[in-house]
Number of protein chains: 2
Amino acid sequence: MRSYTKVDKLKIAHTNKYNIFGCIVREGPINRAAIAKRTDLSLPTVMAITGELLEKSAVCSIGKGDFGAGKPPEMFEVNPDFFYVMGVDLGRTEIRIIINDATFRQRLCYKEPTGYPFPEEAFICRLGHIIKDLIGSLNSGQARILGAGIAMPGLIERETGRVIISPDFGWKDIPLQSRLQELLPFPALVRNSNHALALNESALENGSDDNHVSFCVNLGYGIGAALIIGEELYAGAKGTGGELGHSVVEKGGPFCKCGNSGCLEAVASGEAIARQAAVIAAHHGDSRIAELCGRDISKLEARMVFEAAEAGDEGARKIISNAADYIGIGLSTAVNILDPDRVILCGGLMRNGPFFFEKIRAGMEEHVMPCSGRKLKLTVGKGGEYGTAQGVCRAFLNSFWSEQLLPI
Amino acid sequence: MRSYTKVDKLKIAHTNKYNIFGCIVREGPINRAAIAKRTDLSLPTVMAITGELLEKSAVCSIGKGDFGAGKPPEMFEVNPDFFYVMGVDLGRTEIRIIINDATFRQRLCYKEPTGYPFPEEAFICRLGHIIKDLIGSLNSGQARILGAGIAMPGLIERETGRVIISPDFGWKDIPLQSRLQELLPFPALVRNSNHALALNESALENGSDDNHVSFCVNLGYGIGAALIIGEELYAGAKGTGGELGHSVVEKGGPFCKCGNSGCLEAVASGEAIARQAAVIAAHHGDSRIAELCGRDISKLEARMVFEAAEAGDEGARKIISNAADYIGIGLSTAVNILDPDRVILCGGLMRNGPFFFEKIRAGMEEHVMPCSGRKLKLTVGKGGEYGTAQGVCRAFLNSFWSEQLLPI
């Protein structure tokens, strides 16, 4: 059904305060007249509410702005220490954590190896301890932490933050969000890693321009993706969309850890690249790949295969080139179905120089429907190794904002 | 950027009239109190505006409703003859046209073979004549036709209704919408057939429940699809999304008319099924397939292959089964990426009994990521052969409504 506009007058005062605070958080430094214009509220309302926000130390005045002619207006921005937010990225190889202040500046970052995430309960307890120790190391203590976003690979039920299945972690049906809620002194929100990463990339890319459809692909140990329409994540009916890694690109192809066969992830992920290179390392002890992993194939990682390819190893080049081809096919399918205007490639595999990127581009251009991708921009992500943690911070804040829960 | 609510007071009166008229069109028969509740407007405003709409014959009173206790209220619905809308479905084999009245009841339907759509200009002129003749055959004349939606396969630029490329028609860069605007005495809107079909299926399926994500697949001469989120079509950045038929399901597979190879459409569309069966018909003159096409392979159609399979022809069964497998793979990819809660299969190929449907279901279930499709409903479309024409009628009306152009 089409909906008709409805205004609940009792909520207006509360909403006004939120709109003004939100405007200062997102657009500060900003003056009262600009706030009034952006929020469509009267100047007296803006003056009263900014006064209240100043009193509560939610915002601060940073002096007079200089706009040339006329009396310089007072500029406001959010008080950076008014709240902090934590972002936790549970990757298959590393756990990466950041704490951002209210201006979204990173105040702390931390990482350690993930290790073997079993049994789940022990892993969750360990995570609880890591988070509490980090908060303890912050001068301001935990009082100001609004909460934490936690990103992990796999299907996450949006409503509950339950891990439906995570092939990377070998987890199935784990109530991660509610377990963390019990362990932590603040709210926790669990999201899919690829969705979090995409939120961050899209925000970094967009600036003030929100009319884009971005498809963000995470090429790492596994392969995942997410679609961002404007500023909104499109996650599907149950929130489990974006599983590009489990598209079948080779009917009857190699077995995948998800249980199917021929998935993109089974032929082109970091894990698949390392697995294929292990055959070379095991049978050609004098190869560059064997040398790089110290002749211990259990230590073989995708980055070594890229290094060997760079050094001219033919086998390594073939493996990389084949993976790029398949990624190109997977991307072309996504482009044909979704018609994004930007495809952003992120993740560990993209830290290996332009050869891989150009191979992927060629594969995609070969397979995309003629004309359909003609305005498509293919780029490499900008978020760096803490991009997913930043993204899940954003996801947490978005959820917090939408519920108007900030203590103002 | 997040937007803040803004109300332009000058538009309120106009918007109120639209909301009330729209409410009567979509939800009638309805009484004044119910209109007031649905539109969040006061009863006096509703009374004044319904009075004006009655006077203009935009709506009519259909007497008193019976709600049990209390005085029975007067019920309103749109005047069926207040406006008509035309829907034109340009299919590769047939042109199908409908005219709906204001209550969306079908008042006329018409079809004729498409023939060979070349040269484009001659085809467009012919189409103009067909449309004008049909309008002439309506008693009420063309005065009340608001306009026409025209659906055709291929990439259509949303802003302009230009055909970027249509492999089915062999067209490239044809300004179809502006040419029809010149030929017709009312506005025309060109849309992609699969998008139109999906709008109709989603509307038939939803009823009053709009919280669904539906992926609607058109399996006919070609293969296309569209995603409907709630009631809105998601068509991508340039409006060319949904090209599932050009996903590569077989790396290095058969050549496709789009210019690529291994596309789903090249191995599983009606055209591909007929093309594969032609090999049997040409080399096995005593086969059921050869018999069904009168030993003239240029007359071979997919429905004959289905008929031969039904009659036990092993070759035909293999072709159908192989096509269903590939469609299952294509669907699983779409489900993994999009996480819809409904997949609706439509088009000519679905008129061939449960064997094909069950094969597709099995193929999809085999290849979809475990758990990701666990609540997914797979159904066959309900729209019938005029479904695309109905859908493009809806698309035209949606566009018309959004611009508040109705003459009230």
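Numbering of residues begins from 1 in every chain and follows the order in which that chain's sequence is written. Chain A is the first chain written and ligand 1 is the first ligand written, with later ones labelled in order. The predicted nature of this model means local features are confined to residues of pLDDT at least 70 and side-chain atom pairs, given and counted, to a pLDDT of 80 or more, with totals for whole chains, interfaces and linings taken over all residues.

Take the environment of B:Asn398 next. Under the scheme used here, helices are H or I runs from DSSP no shorter than 4 residues and strands are E runs no shorter than 2 residues, and both carry numbers assigned from the N terminus. Mapped onto the fold, B:Asn398 is located in helix H13 (residues 387–402). The spacing of B:Asn398 and B:Val46 is 352 residues in sequence and 23 Å in space, taken between C-alpha atoms.

Moving on to helix H4 (residues 120–137) of chain B. For an α-helix the count is 3.6 residues per turn, leaving residues at separations of three or four pointing the same way. Residues and elements named next belong to chain B. Over its 18 residues, H4 runs 26 Å from end to end, which matches the ideal 26 Å to within 8%, given 1.5 Å per residue. Buried residues are those with 20 or more other C-beta atoms within 10 Å of their own C-beta, exposed residues have 12 or fewer, and partly exposed residues lie in between; C-beta atoms are placed from the backbone. Turning to H4, its buried residues are Phe123, Leu127, Ile131 and Ile135. Projection of H4 onto a plane perpendicular to its axis shows the buried side chains occupying an angular sector of 110°, all on one side. Exposed side of H4, more than 90 degrees from the buried face: Glu121, Ala122, His129, Asp133, Gly136 and Ser137 are the residues found there. This entry defines residue contacts through backbone-placed C-beta atoms, with two residues in contact when those atoms are within 7 Å. For H4, the secondary structure elements touched by its buried residues are strand S4 (84–90) and strand S7 (145–152). To estimate the expected span of a helix, subtract one from its residue number and multiply by 1.5 Å. Note that the arc is defined by the directions from the helix axis to the C-beta atoms.

A word on the domain arrangement of chain A. All names here are of chain A. Start and end positions for the domains come from either an automated domain assignment or a database one. Domain assignment breaks chain A into domain 1 (9–78), domain 2 (82–198 + 387–402) and domain 3 (211–380). In this structure, domain 2 and domain 3 have C-alpha centres spaced 26 Å apart. Between domain 2 and domain 3, the residue contacts involve 17 residues of the former and 18 residues of the latter. Elements with a contribution of two residues or more to the side of domain 2 that touches domain 3: strand S8 (155–157) and helix H6 (193–206). No other element matches the 5 residues that H6 contributes to the side of domain 2 that touches domain 3. Throughout, the ten residues Ala, Val, Leu, Ile, Met, Phe, Trp, Tyr, Cys and Pro are labelled nonpolar, Asp, Glu, Lys and Arg are labelled charged, and all others, Gly among them, are labelled polar. Residue composition of the side of domain 2 that touches domain 3, by class: 7 nonpolar, 6 polar and 4 charged.

The superposition of copies rests on a least-squares fit of C-alpha positions from residues with pLDDT of 70 or more in both. Least-squares fitting of chain B to chain A yields an RMSD of 0.1 Å, with the superposition described by an axial translation of 0.0 Å and a rotation of 180°. This pairing of chains is accounted for by a two-fold axis.

This brings us to unusual backbone geometry. Cis peptide bonds are those with omega within 30 degrees of zero, and the linkage from A:Phe118 to A:Pro119 qualifies with -15°. Inspection of the secondary structure assignment puts A:Pro119 in the loop between strand S6 (106–113) and helix H4 (120–137). Residues other than glycine seldom take positive phi values, yet B:Asp40 does so here, at roughly 60°. Examined against the element boundaries, B:Asp40 turns out to sit in the loop between helix H2 (32–39) and helix H3 (43–55).

To continue, consider the sheet that holds strand S1 (residues 30–31) of chain A. Residue and element names in this part refer to chain A. In spatial order, the strands read S1-S3-S2; together these 3 strands make up an open sheet with antiparallel pairing. Strands with a single pairing partner mark the edges of an open sheet, and in this sheet they are S1 and strand S2 (59–64). Every axis in this analysis is a line fitted to C-alpha atoms, fitted for helices over the stretch in contact. Angles between the N-to-C directions lie between 0 and 180 degrees. With respect to the sheet, helix H1 (residues 12–27) is in contact with S1, S2 and strand S3 (74–78), its orientation differing from that of S3 by roughly 90°. DSSP-based pairing: two strands are paired if at least 2 bridges between them are found.

Moving on, we come to the sheet that holds strand S1 (residues 30–31) of chain B. Residues and elements named next belong to chain B. As summarised here, the arrangement of the 3 strands in space is S1-S3-S2, forming an open sheet in which the pairing is antiparallel. Each edge of the open sheet is held by one strand with a lone partner, namely S1 and strand S2 (59–64). Where S1 and strand S3 (residues 74–78) come together, 2 bridges link them in antiparallel fashion. When the sheet's bridge partners are listed, Ile30 is paired in S3 with Phe76.

Time to look at the nonpolar core. In this structure, A:Ile150, A:Ile289, A:Val305, B:Ile150 and B:Val305 are the most contacted members of the largest nonpolar core, which totals 240 residues. If sequence neighbours within four positions are ignored, B:Ile150 has contacts with B:Val88, B:Leu90, B:Leu180, B:Ala188, B:Leu189, B:Val190 and B:Val392. Think of a nonpolar core as buried Ala, Val, Leu, Ile, Met, Phe, Trp, Tyr and Cys residues chained together by C-beta atoms that fall within 7 Å.

Our focus in this paragraph is the interface of chain B and chain A. Counting from both sides, the interface comprises 51 residues of chain B and, opposite them, 51 residues of chain A. It is helix H11 (residues 314–338) of chain B that contributes the most residues to the side of chain B that touches chain A, 7 residues altogether. In terms of residue class, the side of chain B that touches chain A is built from 20 nonpolar, 18 polar and 13 charged.

So, about the confidence of the model for chain A. All names here are of chain A. With 93% of its residues at a pLDDT of at least 70, chain A reaches an overall mean of 89. Predicted confidence is poor over residues 1–6, with pLDDT under 50, and the contacts of this stretch with residues over four places away or in other chains come to 10 contacts. In the model output, the complex is listed with pTM 0.86 alongside ipTM 0.85. pLDDT expresses how confident the predictor is about each individual residue, on a scale running from 0 to 100.

Glancing now at the environment of B:Phe83. Residue and element names in this part refer to chain B. Structurally, Phe83 is set in the loop between S3 and S4. For Phe83, a count of 22 C-beta atoms within 10 Å translates into the label buried. Along the backbone, Phe83 and Phe104 are 21 residues apart, and their C-alpha atoms lie at a distance of 9.9 Å.

Residue and element names in this part refer to chain B. Spanning 13 residues, H3 covers 18 Å between terminal C-alpha atoms, matching the ideal 18 Å at 1.5 Å per step. Where H3 is concerned, the buried positions are Val46, Ile49, Thr50 and Leu53. Seen from one end, H3 has its buried residues packed into an arc of 105°, which puts them on one side. Exposed and facing more than 90 degrees away from the buried side of H3 are Pro44, Gly51 and Glu55. Immediately downstream of H3, the backbone of Ser57 shows phi near 60°, a positive value.

Residue and element names in this part refer to chain A. In the contact formed by helix H8 (residues 270–283) and helix H11 (residues 314–338), the axes pass within 10 Å of each other and the chain directions differ by 155°. It follows that H8 is roughly antiparallel to H11 by the angle criterion. Considering only the axes of H8 and H11, their crossing is right-handed. Across from Ala272, Ile273, Gln276, Ala277 and Ile280 in H8, the residues of H11 making contact are Gly315, Ala316, Ile319, Ile320 and Ala323. Here the contact of H8 with H11 is built from residues that sort into 8 nonpolar, 2 polar and no charged. Any angle from 65 to 115 degrees is called roughly perpendicular, while one under 35 is roughly parallel, one over 145 is roughly antiparallel, and all others are oblique. Helix crossings fall into two classes, left-handed where the near helix is turned counterclockwise from the far one by less than a right angle and right-handed where it is turned clockwise.

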